[in-house]
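Structure at a glance
The lines below spell out each chain.
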Amino acid sequence: MAYSEIELDGLKEIVNVGGGNAATSISQMINSRVDMDVPEVEVMAYDELYQKIIADDVEMHAVLSKIVGDIDGALLFVISDESGQKIAKMMLGSDDNPSNEIIASAVTELTNILFNSFLRAIGDMLQIQLIASLPISRYDFFGAIISSAYMAFDHYDEQILVIHNEFTYNNESLDASLFLIPGEGVLDKIFKALGI
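Quantities reported herein were computed from a predicted structural model and do not represent experimental measurements. (Residues numbered from 1 in each chain as written. Predicted model: local features only at pLDDT ≥ 70, side-chain atom pairs only at ≥ 80, totals over all residues. Heavy atoms only, no water.)

1. Quick look at the environment of S173
Defined as follows: Comment: elements are numbered from the N terminus, with helices defined as DSSP H or I runs of at least four residues and strands as E runs of at least two. Using a 1.4 Å probe on the protein chains alone, a residue whose accessible area is under 20% of its type maximum counts as buried, one over 50% counts as exposed, and one in between counts as partly exposed. Only heavy atoms enter the contact rule, under which two residues are in contact if any of them lie within 4.5 Å.
The topology assignment puts S173 in strand 8 (residues 172–182). Relative accessible area serves as the criterion here: at 29%, S173 is assigned to the partly exposed category. As a C-alpha pair, S173 and D37 span 136 residues in sequence and 9.9 Å in three-dimensional space. Setting aside chain neighbours within four positions, we find S173 in contact with S83, K86, E166, F167 and T168.

2. Considerations on the nonpolar core
Note the following rule: Joining through side-chain atoms within 4.5 Å is the link that ties buried Ala, Val, Leu, Ile, Met, Phe, Trp, Tyr and Cys residues into a set, and such a set is a nonpolar core.
Counting residues in hydrophobic clusters, the biggest one holds 48 residues, and the most contacted among them are L11, L75, F77, M90, I122, L178 and I190. Element by element, the count of residues in this core is highest for helix 4 (residues 100–126), at twelve residues. When sequence neighbours within four positions are dropped, the list of residues in contact with M90 reads I26, I30, V34, L110, Y169 and L174. In terms of nonpolar packing, the next biggest core, distinct from the first, is built from 18 residues, A62, A74, I145 and I160 among them.

3. Regarding empty space enclosed by the protein
Using the following cut-off: Two kinds of site are reported from a 1 Å grid over the protein atoms alone, namely cavities, where a 1.4 Å probe fits but cannot get out, and pockets, open sets with protein on both sides within 12 Å along at least five of seven lines, and residues are called lining when an atom falls within 4 Å of a point. Grid points are joined across faces, edges and corners, and a volume is the space filled by probe spheres set on the points.
Considering all chains together, one arrives at one cavity of 30 Å³ or more under this definition. Each pocket or cavity is described by its volume, and for the largest cavity that value is around 30 Å³. What lines the largest cavity is simply L11, I14, V15, F118, I122, L161, L180 and I190. Listing elements by their share of the lining of the largest cavity, those giving two or more residues are helix 1 (5–30) and helix 4.

Set out below in structure tokens:
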């Protein structure tokens, strides 16, 4: 299903609020300013991801959480190893090269903040309470990550909301993508709440 420019602008506004809240929370946590660019938002079919976003054979750090509340779905955050190292250094306040375990821990912590900030923004708009379940993290090929996300949860919509965020810290950009894998009809509920 194709969505109009007005609908995508509405989604972008929600994402902007959620990402802005996340940037503020991360800034407070590390006691240093973190900025977020205006996100790119696109709704696409599952099979378009590999052509438009990330090839299926690229290794990525990923964190997956189920949405707990009155709507169904999952959130998936993916980030390159290079940006994962930057996150770990940012959160540790160190220039030392972090281990894979420290990178995974740092990415998971940042993702937890991002997920819950994003869900708060959606929940406030829909006047419901939403939280993210305990995150599952892994480092794998993007294709395997997406397949696992769909196999882990049943009855999800074939449309995926792709949110491309860029956080900036100390002149370093952290390039990452957030995916909302909605349950059936969730995007329509959001549009209805927005009055679109």
